[in-house]
Structure formats: C-alpha cells, structure tokens
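Overview (structure and organization)
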Amino acid sequence: MEKSQLIADLQQAAAKSQHAVVEMLAINAIENYPNEAFGYYYQAVCRVQRGNYLEAAESLQEVEKYDNGHIGAVLLGADIACEQGEIKQWAEKVNRALALDPLNAEVQLQAARYDVYQFENESALSYINNAILKLNNEAAYKVRAEIYQNTAQYELALLDLTSCQRFSPNNPLIIRQKIAIHKLLADQAAVESEYRLLIALDDNNLDYKADFAYFLTEAGLYKDAEFYWDILVAYRPNEADYSLKRAAVRYKLEKYTDALEDCSTALMLSPKNADTYILLAKIRLAMYDIQEAIEELDNGINAEADDLAKLHNYKGEILMNESDYIRAAEEFAIAAQSDTYEATACFNLGKCYMEQGELEKAYEAWQKAEAAFHPDADEMIQTYCSAQVAAQAQSTEAGLLFMYETEAENNRNSRFIKMLTGKVWKFSEEITVKSNPLFKEIPQEMSELLLDAFNKMVLFINPNGLFIMNPEQNDLRTVYRIDKEEANEIWLMCQPLTGSKERLFKLKYENKAVSLDGFAEDMEFGLYFRPAENGLSAKEKQAYQQRVENAEIAFMNM
C-alpha cells in the first residue's frame, strides 16, 4: 500500500475509534516504513484509545527517534501525562507544543486544558477562543464551558454545553454538567427537566433516579420524590438511606404510619444512624406524642448511635419547648462537648439558665456560643447580661493596669510624655485637613462625616495611659509602653483596656500641635490636636465628669 493511502486510512480509522483496524494498519506501516514516525504514532493513538498508556509511551519514544518535532506525538504525550496525573510532565509537553506551533488549534486546546487545571482561567479563555475558531468541536466547547463555570458565567457555560450536544446529543456527562449549573442558578424547573432527559436516556439506571430523588426531596417536591423512592426501595431494598429518605418524604406528606415503617426498615439495616432516631422523634411529635419522641431519642442514645451529640441536642430542644429547663440543660451540656453542635447547644444552654434565673451561668454559656460563632449569642449577652459584662470588663481592666505598672514607671522618665502630660488637647480640623491628602481624594459628603466625628475628640495623655474622649462615639482608653522615642516623635504600643489586640500609635510634636497616627490600619492617616487654651467646654466637662464617676478613666490618676 502506498504511504499516502496508508496514512489516510490510519487517520480515518483513528477518527472512528476502530482500534483493531488502526492497530493492523499501524503494524503494516511500521513493517513497511520502519524509519518513519507515522506508524509508531498511530500505534500510540490506538494504545491510548484502549487505555494502554505505558505501551503508548513506548510507541511515542519511537516517534521521537524519527521525528522529534512531531506535534501530534507531543500532544498525545500531554494527554497521557494528564490522564496519569503527571502534572509536571504535562506542563513540559504543553510548553513544548506551544514552542513548536503556538498557532495550532489543537495545541491551544491542550494549553487551555492545562491552564484550567491550574485555575488560570483568563489565559485558558484566550487559548480556547482561538482554538474554537478553527476546531468547532465538542472538546473545545466543553473546555470553554468549564472556564465559564469556574468564573461564574453560568449562562455562557450553558450555551457552550448546548453546542457540545450538537456533536453528542445523548452524552450523559454533558447533561449532568448542565444540571450542576442549573442548580447554581437555582433554576429548579431546568434542573428537573434535565434530570428527566437523563433518565429517559437510560430508564434502567438507578443512579440517575437516585440523584433525581435526592434533588426532589431537597426541593420540597415530596410527591414526585416519593414516586422515585418507591422505585429505588423496590430495586434496592437493602439500601438503608433509601428507606430513610422515603420515610422523610412520607413524614412531609403526613403519611406518618408509612414513615414509621420505613424508619423501622432503615434501623434494621443501619441500627446506629442518628438521623433515623431524629426522624422517628419528629414523627412522634407530629403525632402529638412527646414522651414517645423522647423515648425514640433515648433508644438511639442507648444504641450508641453514630452522632450522639445530635440526639442529645434535639432531645434538649424538645425538653426546652416543654419548659423542662433543668433536663434540657443536661442534654445541651452533653451536646456542647461536640464541635459540631457547640454553638447551638451552648446558646440553648444559656437560654435554659436564663429561664432558671442563673444569669452567671447563662453568660458563660453564651460566651462559649459566641466564641463558636453563633450569630445571636452577642445579642443575648447585651440584652440579659450587662452586669456580667461590666464585671468582666472591670476584671480585665484591673489585670491590664497591674501588668502595665512597670511601663508607667518607665513612661515617667520620657521627655516627650512630660511635655504632653497635664494638658487638654483638642482636635484641629484645619491642620488635619491640610496635612492629609485623603481629604482631597474622597467625596465632600464623606469628608464632612469624618470631620464631624473627629471634631468632638479630646486627647489626654500621662505616664499611666492615653485617653481619647469622644462624647458621641466610643472612647479610646489604653495603657501603653514606649516602643521608640526620638527628639519630637514617640511610638507607643497601646493596649486598649477593652482587652482587644495591641495597636501601635505614633505621636509627633511640631508647631505646638500633636499628630496622632494609628487610627487607620495603614498608619498613613494622622489626626492633629492643639492645646485647649480655655480647657474643656461645659458639655465636655460634663462628659468627662460622667466618665470619672463611672470609674472609666480612673487609670489616668493612678
């Protein structure tokens, strides 16, 4: 057979995935043209199509002997490296292909695949857009769909997946990808439609029906979900989760007797599943049998179910709803030992203590709930535990003042601190605006809001601490240690008496004004203060006196 005809036949057979024909023709090519690369290349193609990657790599080594710039072989090598997870080798092959023929559409497709893997979506999109102009095939559209999905351009991803279906209208992988995107778009009707198309492709595929049943259940389409769970339970009666899911659906449909039967089956198949005991309790509650509900949970606890904390937490909720706060607290205390339920259990534990009038215990429980990121814990603390918060703040403050006694002694020797001590420093709008470029960059409305807040600030400093009074906003009260001192500048590492993290402030004295840097995190924004020639105004004196009476600035007179 002539070489040109042999190559044409090889190309055609490879395109049709006729493995036996490709293998036979490749052997023919190798025997008749042993010093040429094309026979070994198609032998490698055949072996890749059959999944024989090791043998395919051997064939590609032969290609290298006779044509080390064979672009098809380099791309095939990249495919093999990708399939085997050899990422470094894959990158090398992609870079080599780009060096050999950067405008080749297949090369650009491979480069896009690699960049998608590396989350380089922008460069991947550039490659694939060029490739699609020439290739217009399923593989290229599928890669671009993945890029669009990664970058949350879901509508564009769906368009490309629809283009893929022109080439493979019944490809289940494409339909499943469309389902995933429709879920991200919260398009319930589209998801349902795609699932029905998927099932129509293969009505005997139970995995498709299971996925659809899970979706219908989550979507609250309980009647349709029950239909598919019926099928799944009939075909896979030993799958405990299927019986449990049908029980959950029947519970929602108020088919309580049927739901109890399904739960019994699920427990027989998986006796330690905590979710089954939870569902049993919910069904009993729906049937107005509170004691039975508690007994179902106790059965799970006695059976040492796989998530005991979940059972204790739910039992606590039932008891709390029945105003049995003592027993409920016992259950929440057990559940709170689990990281999963710590936030919820501690929050509810606090509510139980509150109902019993034990606010100290409630405060402690809500603190733990807040530390575990319960969204409502802080509100409960602020509403019911103001006395406990104040007591803890005073305790924290006393500890910090004691810790900084030595620093206060050292601060007394600072020439800079002596220069500022005993004076009242008021905010200077004129110098602050003039010295901060920020006010030229931000809108006037924002500038006015900032200045309105700053204009009420009064600064006091002595060796014991730094205090900024702001009558209409939060004050700043800190003890400090000197971090660095120069002729007219000083850096203070300040510890707020709230117990929050340390902050570095820089004070500078020039032209009879003090600048304070450190309010902004980047330390590039300075507030300027001038000595108050007439002391405090009547309103400021009232605000200051109120803080003295509340012992909020007693540390300034240590």
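Residues numbered from 1 in each chain as written. Predicted model: local features only at pLDDT ≥ 70, side-chain atom pairs only at ≥ 80, totals over all residues. Heavy atoms only, no water.

Concerning the pairing of strand E4 (residues 476-485)
Cut-off, in case you're wondering: Pairing between two strands requires that DSSP report at least two bridges joining them. Under the scheme used here, helices are H or I runs from DSSP no shorter than 4 residues and strands are E runs no shorter than 2 residues, and both carry numbers assigned from the N terminus.
Inspection of the sheet shows strand E3 (residues 465-469) paired to E4 by 3 bridges, in the antiparallel sense. By the bridge assignment, Leu466 is partnered in E4 with Thr478. Once E3 ends, the chain turns through 6 residues before running back antiparallel as E4. Here 7 bridges tie E4 to strand E5 (residues 489-496), and the two strands are oriented antiparallel to one another.

Some details on the side chain of Asn470
Under the convention used in this document: Per-residue accessibility, obtained with a 1.4 Å probe over protein chains only, is compared with the maximum for each type, and a residue is labelled buried under 20%, exposed over 50%, and partly exposed between these values. Two residues form a contact once any of their heavy atoms are found within 4.5 Å.
If you trace the backbone, Asn470 turns up in the loop between E3 and E4. For Asn470, a relative accessible area of 3% gives the class buried. Apart from residues no more than four positions distant in its own chain, Asn470 is found in contact with Ala453, Lys456, Met457, Asp475 and Arg547.

Brief notes about the nonpolar core
So the rule is basically this: Here, nonpolar core means buried Ala, Val, Leu, Ile, Met, Phe, Trp, Tyr and Cys residues that are tied together by side-chain atoms lying within 4.5 Å of each other.
Grouped together as the largest cluster of nonpolar side chains are 45 residues, with contacts concentrated most on Leu297, Leu311, Phe332 and Trp366. Residues contacting Leu311, with those up to four places away along its chain left out, are Ala274, Tyr277, Ile278, Leu297, Gly300, Ile301 and Ala305. Counting residues in hydrophobic clusters, the runner-up holds 26 residues, among them Met457, Leu466, Ile468 and Leu527.

Things to note about unusual backbone geometry
Despite not being glycine, Phe373 has its phi angle at roughly 75 degrees, a positive value. Note that Phe373 resides in the loop between helix H22 (359-371) and helix H23 (377-384). Judged by relative accessible area, Phe373 falls into the exposed class, the value being 75%. One non-glycine residue with positive phi stands out, namely Asn511, at about 55 degrees. For Asn511, the location among the structural elements is in the loop between strand E6 (503-510) and strand E7 (513-517).

Things to note about the pairing of E3
With respect to burial, E3 is a largely interior element, 5 of its 5 residues being buried. Sheet topology places strand E2 (residues 458-462) next to E3; 5 bridges connect them, and they run antiparallel. Across the sheet, residue Phe460 finds its bridge partner in E3, namely Phe467. As consecutive antiparallel partners, E2 and E3 are separated by 2 residues.

Considering the packing of helix H11 (residues 172-184) against helix H12 (residues 188-201)
Put simply, the test is: Throughout, an axis means a line fitted to C-alpha atoms (over the contacting stretch in the case of helices), and angles, computed between N-to-C directions, take values from 0 to 180 degrees. Note that the term roughly parallel is reserved for angles under 35 degrees, roughly antiparallel for angles over 145, roughly perpendicular for angles of 65 to 115, and oblique for everything else. A clockwise turn of the near helix away from the far one marks a right-handed crossing, whereas an anticlockwise turn of less than a right angle marks a left-handed crossing. Ten residue types, Ala, Val, Leu, Ile, Met, Phe, Trp, Tyr, Cys and Pro, are classed as nonpolar, four, Asp, Glu, Lys and Arg, as charged, and the remainder, Gly among them, as polar.
Direction vectors running N to C along H11 and H12 enclose 165 degrees, while the axes themselves pass 9 Å from each other. One element, H11, and the other, H12, form an angle in the roughly antiparallel class. Relative to H12, the crossing made by H11 is left-handed. On the side of H11, the interface is formed by Pro172, Ile175, Arg176, Lys178, Ile179, His182 and Lys183, while H12 contributes Ala190, Val191, Glu194, Tyr195, Leu198 and Leu201. By residue class, the composition of the contact of H11 with H12 is 8 nonpolar, 1 polar and 4 charged.

A word on the packing of helix H15 (residues 240-252) against helix H16 (residues 256-269)
Relative to each other, H15 and H16 sit at 160 degrees, their axes nearing to 8 Å. Relative to H16, the element H15 is oriented roughly antiparallel. Seen along the crossing, H15 lies across H16 with a hand that is left-handed. Contacts from Ala240, Ser243, Leu244, Arg246, Ala247, Arg250 and Tyr251 of H15 reach H16 at Tyr256, Asp258, Ala259, Asp262, Cys263, Thr265, Ala266 and Leu269. Of the residues assigned to the contact of H15 with H16, the class counts are 9 nonpolar, 2 polar and 4 charged.

So, the packing of aromatic side chains
Defined as follows: Pairing of aromatic rings covers Phe, Tyr and the six-membered ring of Trp, with a centre-to-centre limit of 6.5 Å; geometry is then stacked below 30 degrees between planes, edge-to-face above 60, and tilted otherwise.
Within this structure, the stated rule accounts for 20 aromatic pairs. Relative to Tyr66, the ring of Tyr40 lies with its centre 5.8 Å away and its plane at 15 degrees, an arrangement referred to as stacked. Placement of the pair is Tyr40 in helix H3 (residues 38-49) and Tyr66 in helix H4 (residues 53-66), with a sequence separation of 26 residues. We classify Tyr40 as buried; its relative accessible area is 11%. Between Trp366 and Tyr384, the aromatic rings sit 6.1 Å apart at their centres with planes inclined by 35 degrees, giving tilted as the arrangement. Pair noted here: Trp366 is in helix H22 and Tyr384 is in helix H23, with a separation of 18 residues, a long-range link. Given a relative accessible area of 0%, Trp366 falls into the buried group. The partly exposed category is assigned to Tyr384, whose relative accessible area is 39%. Here the aromatic residues Tyr195, Phe212, Phe215, Phe227 and Tyr228 are joined through ring pairs into a cluster of three or more.

Regarding a negative patch on the surface
Put simply, the test is: Surface patches are drawn from residues lacking salt bridges whose relative accessible area is over 30%; two like charges belong together within 9 Å, two nonpolar side chains (Val, Leu, Ile, Met, Phe, Trp, Tyr) within 5 Å. Per-residue and other accessible areas were derived by the Shrake-Rupley procedure at a 1.4 Å probe size, with only the shown protein chains allowed to occlude residues. For salt bridges, the criterion is a side-chain nitrogen of Lys or Arg within 4 Å of an Asp or Glu carboxyl oxygen. Counting rule applied: Lys, Arg positive; Asp, Glu negative; His and chain ends not counted. The atom standing in for a charge is NZ when the residue is Lys, CZ when it is Arg, CG when it is Asp and CD when it is Glu.
Taken together, the side chains of Glu370, Asp376, Asp378 and Glu379 define an acidic patch exposed on the protein surface. Counting through the fold element by element, Glu379 comes out in helix H23. When its relative accessible area of 54% is taken as the criterion, Glu379 is described as exposed.

A closer look at helix H8 (residues 121-135)
Given 3.6 residues to a turn, an α-helix orients residues that are three or four positions apart in the same direction. Which entries qualify depends on this criterion: Helix span, as expected, comes to 1.5 Å for every residue beyond the first.
Under the 1.5 Å per step criterion, the end-to-end length of H8 is 20 Å for 15 residues, consistent within 8% with the ideal 21 Å. Each element contacted by the buried residues of H8 is listed here: helix H7 (105-117) and helix H9 (138-150). At the exit of H8 stands Asn136, carrying a positive phi of roughly 50 degrees.

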